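One letter stands for each residue in the lines below.
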Amino acid sequence: MSDHKTMTLTLIVWRQKGPSDPGKFETYAAKNITEHHSFLEMLDCVNEDMILEGKEPIVFDHDCREGICGMCSQVVNGLPHGGQDRTTVCQLHMRKFKDGDTIYIEPWRARAFPIIKDLVVDRAALDTIIQAGGYTSCHTGGVPDANSILIPKPIAEEATDAAECIGCGACVAGCPNGAAMLFTGAKVSQLAILPQGKAEAAARVTAMTTAMTECGFGNCTNHYECQASCPKGINVKFIARMNREFLKAQFA
Amino acid sequence: MILDGKCPTGPIEKSWDKHCFDLKLVNPSNKRKYNIIMVGTGLAGGAAAASLGELGYNVQAFCYQDSPRRAHSIAAQGGINAAKNYPSDGDSILRLMYDTIKGGDFRAREADVWRLSQVSNNIIDQCVAQGVPFARDYAGYLDNRSFGGAQVSRTFYSRGLTGQQLLLGAYSALSRQIKAGTVQMYTRREMLDLVVVDGVARGITVRNLITGEIESHAADAVCLATGGYVNVFYLSTNAKGCSVTANWKAAKKGAFFANPCYTQIHPTCIPQAGEYQSKLTLMSESLRNDGRIWVPKKKEDIGKLPAQIAEADRDYYLERKYPSYGNLAPRDIASRSAKEACDAGLGVGPGGRGVYLDFADSIKRLSEDTIRERYGNLFEMYEKITDENGYKRPMRIYPAPHYCMGGLWVDYNLMSNIPGLFVLGEANFSVHGANRLGASALMQGLSDGYFVIPYTIGGYLVTVKPGAVKADHAEFKKSVEDVNASTKKLLSIKGKRTVTEFHRELGKVMWNDVGMARSKESLTDAIKKIPKIREEFWNNVKVGGTGAELNQQLENAGRVADFLEFGELLARDALHREESCGGHFRVEHQLPDGEAMRNDADFSYVGAWEFKGNDKEPELHKEPLKFETIHLAVRSYK
Ligand SMILES: Cc1cc2nc3c(=O)[nH]c(=O)nc-3n(C[C@H](O)[C@H](O)[C@H](O)COP(=O)(O)OP(=O)(O)OC[C@H]3O[C@@H](n4cnc5c(N)ncnc54)[C@H](O)[C@@H]3O)c2cc1C
Ligand code: SF4
Ligand code: FES
């Protein structure tokens, strides 16, 4: 534990006043940063200094700060969430950087995610995809006992692998086409794997993929940057599964 | 005033069913004429909005995040209780009720807890039907684990992601209703006022966090499901945006705030690395099953590597003080003992705020692989944050505020003392008494949302004419003016200190004087200090930008301003409650062995406070508690 060692870094940050502002990069110094600061705590410190100097602090989305709510969304040195394996930007720590480093910070960039201000983007399109069919149509009450339909462990585990998606949108930001295939594939697969979701599988995959296109997400050309960008390690096999479900639905 | 919870009478086993039968029903064709506002779309609000929409009501739902899927319910790791008794180990609705009442140190209502236990089983069925992937065995049956000292295995879980999976289940049900048009979802909105017309809740005033616009929304009933307030301590496991604002604005409009001093401190969090940090990450307390907690006996050993400290120079203080429970002593005891050790100057790590949680013995006994199998994800999480390998050297842990049992007072129908205002989930005070059992908050949120409010709200709505008050009513205009005035004031101070500095200062007072070990002296002191911080805040805070844009400084300023008022109420409640119970520990009231000493003769009541103005003392109202099914007994974990 070395508490005394501090770093100074140069931040080159995307600043944009609003959706219609062209935006530009600005340069800031982050001083007195220790290896224990998380990336967002580092930005907090920079913002505190700016507030005291009467400047406008950098606006960014965040909430849980433990990698589960999916709110934080920054491209750090060209990589969504900073590129550390299975790590959201709120979990990234400054020990991954060295004194004197220059760090580029940008918002998610994708056609379907308009920039609201600075690093904050509008991800409502992801909700629209879920609203199109990312559910089972069960009513509150009137459902069978939880053990009446057996789900062997390997199946439950595979569904959970898909269900771990936090809806952050890094897969879209990382994709050269701005596609939402990994996000959509994960939800389609989770519900197609489980017996409770099978009845509506065909209608669901059709509705969700249609919504995806209508929201302005791009097509998949198998770059697999999505999986590399995903902080939860969601596997591209779920895209393949969605494609199979889609084909099945066409012939159904 | 003596408050009446309006609990059903007669045999407890029939109480909820009978109450449902007695409630008047809203004619199905009339339901769409009623507007219901749901503030908050976490487990409680999300489940409620979806269920009410499906019943045919018109629902307007609000959250401050960009999507309802991000509410802080998402962060719960451990699990959710239910009295299914699948393992056949002796569980029952009555036993879950008994454990909850006892765990809450006899400070909750029996009828509410019975109902919670009864519907717990429906929750699991509901979630499975939604596609929530709970843990299963190879044959396909649901798996259970035991949690938080319970003697039966009744906790359902999904990896370390139970809250996430349950919330995504509620979010999917909500999404289905949004698509169906029964629920209108307003994201990135923060409720800044409750609108009360002639004593009845009629709507809310919200700020659009993107444009800054102040909007009025009218309805026939308003529900608050806005979560917990432990960010009043600055340091906490809550998300950064969690606040008391919605509840506090309602309290200032006349809603009684019940038991604000009942807060829970979680013993196994990763310690703070520096002042700049407010958000602490929790690690599942299951770690205490195999880890041994200790601090150095001698101050000169504190700077040393743990491996260099001889066995004889380590104080395994929980094992020493509580030989039969040892490292598994209840949350409040474990937390308090850690703070005592650190206050005595024996803490380890940055700022001396940490104690060791050592797995060396378990690894020797069971192998590193076994420990990895049990807790691998927690060790990984610990390493991500601290850069230390928990297998090779002891972890460092420290307690942090985690959950609040207190909240707005509600009757059995979840309605506050203001007609038309309902409160759900962590935001109300109802079922956990003075302390909450592990895996019971998720259960309560979903119980309130899926299975209680859809019934009880109808009983109120049949008594009101739909659409009686519109958003152009003078009270709405006045509320907008008040909100605008407060925004203007915050922006005009242009002082020298940031909002965060004030939050940190308040947090220090709350943690040191109103935290785990409270005394008459410390509380009286806090009640003097907090108004001073508040006064300085309103004269010296620096909030830049304007009100007509996305302005996170302004959002934080509003939340901290409310904490600065609410913190004082919390301290007053703690001062008035001359006993120790559950999460509330008064050093004057303890048994010789340090156990909490309850005072049933004088304090077996819910303390509900009425706001009278910042310069006036709040007024206390009492709801006496009766125990007819479960007999009052003293807790012992020795
Ligand atoms: C780290 C952690 C781990 C936990 N683990 C467990 C566990 O294993 N088992 C268990 O049972 N419990 C656990 N708990 C407790 C449990 O998660 C919470 O008590 C519960 O999820 C709260 O649900 P809720 O719906 O009441 O509130 P939340 O999920 O917090 O939702 C609050 C909602 O209100 C909205 N909101 C708040 N204020 C406003 C406002 N002013 N205007 C508009 N919207 C507003 C938010 O946007 C959000 O939608 C844990 C808690 C934490 C912090
Ligand atoms: S698939 Fe991964 S990157 Fe995409 S939204 Fe889900 S968690 Fe984020
Ligand atoms: S802030 Fe919640 S995932 Fe990063």
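Look up: the structure comes first, before these words.
Residues numbered from 1 in each chain as written. Chains lettered and ligands numbered in written order. Predicted model: local features only at pLDDT ≥ 70, side-chain atom pairs only at ≥ 80, totals over all residues. Heavy atoms only, no water.

Thoughts on the packing of helix α7 (residues 245–252) of chain B against helix α16 (residues 552–576) of chain B
All names here are of chain B.
- At a closest axis distance of 10 Å, the pairing of α7 and α16 adopts a crossing angle of 60 degrees. Regarding the angle of α7 to α16, the classification is oblique. Considering only the axes of α7 and α16, their crossing is left-handed. On α16, the residues touching T245, W248, K249 and K252 of α7 are G558, R559, D562, E565, F566 and L569.
- Each residue belonging to the contact of α7 with α16 can be placed in one class, and the counts come to three nonpolar, two polar and five charged. (Axes fitted to C-alpha atoms, helices over the stretch in contact; angles between N-to-C directions. Helix = DSSP H or I, 4+ residues; strand = E, 2+ residues; numbered from the N terminus. Parallel < 35°, antiparallel > 145°, perpendicular 65-115°, else oblique. Left-handed = near helix turned anticlockwise from the far one by under 90°. Contact = heavy atoms within 4.5 Å. Nonpolar A, V, L, I, M, F, W, Y, C, P; charged D, E, K, R; others polar.)

Focus: the interface of chain A and chain B
- With 78 residues of chain A at the interface, the matching set in chain B holds 73 residues.
- Our count for the contact surface shared by chain A and chain B stands at nine salt bridges.
- Salt-bridge contacts for D387 of chain B lead to R95 of chain A; the nearest nitrogen and oxygen are separated by 3.8 Å.
- On inspection of chain A and its partner chain B, the count reaches 45 residue pairs in polar contact (both at pLDDT 80 or more).
- Of all the secondary structure elements, the ones that give two or more residues to the side of chain A that touches chain B are α1 (39–52), β6 (115–117), β7 (120–121), α2 (124–131), α3 (153–163) and α5 (181–193) of chain A.
- Per-element accounting of the side of chain A that touches chain B gives the leading share, eight residues, to α3 of chain A.
- Grouping the amino acids of the side of chain A that touches chain B by side-chain chemistry returns 36 nonpolar, 22 polar and 20 charged. (Salt bridge = Lys/Arg side-chain N within 4 Å of Asp/Glu carboxyl O. Polar contact = N/O pair within 3.5 Å; in protein donor to acceptor, adjacent residues only side chain to side chain.)

What to know about the side chain of T456 of chain B
Residues and elements named next belong to chain B.
- Looking at the secondary structure, you find T456 in helix α12 (residues 441–461).
- Residue classification places T456 among the buried residues on the basis of a relative accessible area of 2%.
- When sequence neighbours within four positions are dropped, the list of residues in contact with T456 reads W16, L23, R115 and N413. (Buried < 20%, exposed > 50% of the residue type's maximum accessible area, 1.4 Å probe, protein only.)

Topic: the site of ligand 2
All names here are of chain A.
- All residues in the neighbourhood of ligand 2 are listed as C165, I166, G167, C168, G169, A170, C171, L182, F183, C230, P231 and I234.
- Elements represented by at least two residues in the shell around ligand 2 include exactly α4 (170–174) and α5.
- Partitioned by chemical class, the residues of the shell around ligand 2 number 10 nonpolar, two polar and no charged. (Near = heavy atom within 4 Å.)

Some thoughts on the sheet that holds strand β1 (residues 35–39) of chain B
Residue and element names in this part refer to chain B.
- Across the sheet, five strands lie side by side as β5-β2-β1-β9-β17; this open sheet has parallel pairing. A single partner strand is all that each edge strand has here, and the edge strands are β5 (183–186) and β17 (421–423). Taken over all neighbouring pairs, the strand axes of this sheet differ in orientation by 20 degrees on average, direction set aside.
- In this fold α12 packs onto β1, β9 (221–224) and β17, with an angle of close to 150 degrees to the strand it touches most, β9. (Pairing = 2+ DSSP bridges.)

As for helix α9 (residues 331–343) of chain B
All names here are of chain B.
- When the terminal C-alpha atoms of α9 are compared, their 18 Å separation across 13 residues agrees well with the 18 Å that a helix rising 1.5 Å per residue should span.
- The buried fraction of α9 amounts to 11 of the 13 residues, a majority that puts the element mostly inside the structure.
- Taken together, the buried positions of α9 are R331, D332, I333, A334, S335, R336, S337, A338, K339, A341 and C342.
- Those residues of α9 that are buried lie in contact with β11 (263–269), β12 (292–296), α8 (317–321), β14 (355–358), β15 (395–404) and α14 (499–513). (Expected span 1.5 Å × (residues − 1).)

Focus on the pairing of β9 of chain B
Residues and elements named next belong to chain B.
- Where burial is concerned, the two faces of β9 agree: the one with A221 and C223 and the one with V222 and L224 are both buried.
- Relative to β17, β9 is paired through three bridges, and the arrangement is parallel. Directly across from L224, in β17, lies its bridge partner V423.

Focus on the site of ligand 1
- For ligand 1, the set of nearby residues contains 36 residues, the closest of which are Q65, S73, M191, E426 and L442 of chain B.
- More than a single chain frames ligand 1: its nearby residues are located in chains A and B.
- A distance of 3.0 Å is found between an oxygen atom of ligand 1 and a backbone nitrogen or oxygen belonging to A44 of chain B.
- Relative to its unbound accessible area of 1,000 Å², ligand 1 is 96% covered by the protein chains.
- Breaking the shell around ligand 1 down by element, the ones donating at least two residues are α3 (43–55), β6 (189–197), β15 and α12 of chain B.
- In terms of residue count, β6 of chain B provides more of the shell around ligand 1 than any other element does, three residues in total.
- A class-by-class count of the residues in the shell around ligand 1 yields 15 nonpolar, 16 polar and five charged. (Areas by Shrake-Rupley, 256 points an atom, 1.4 Å probe, with all protein chains shown as cover.)

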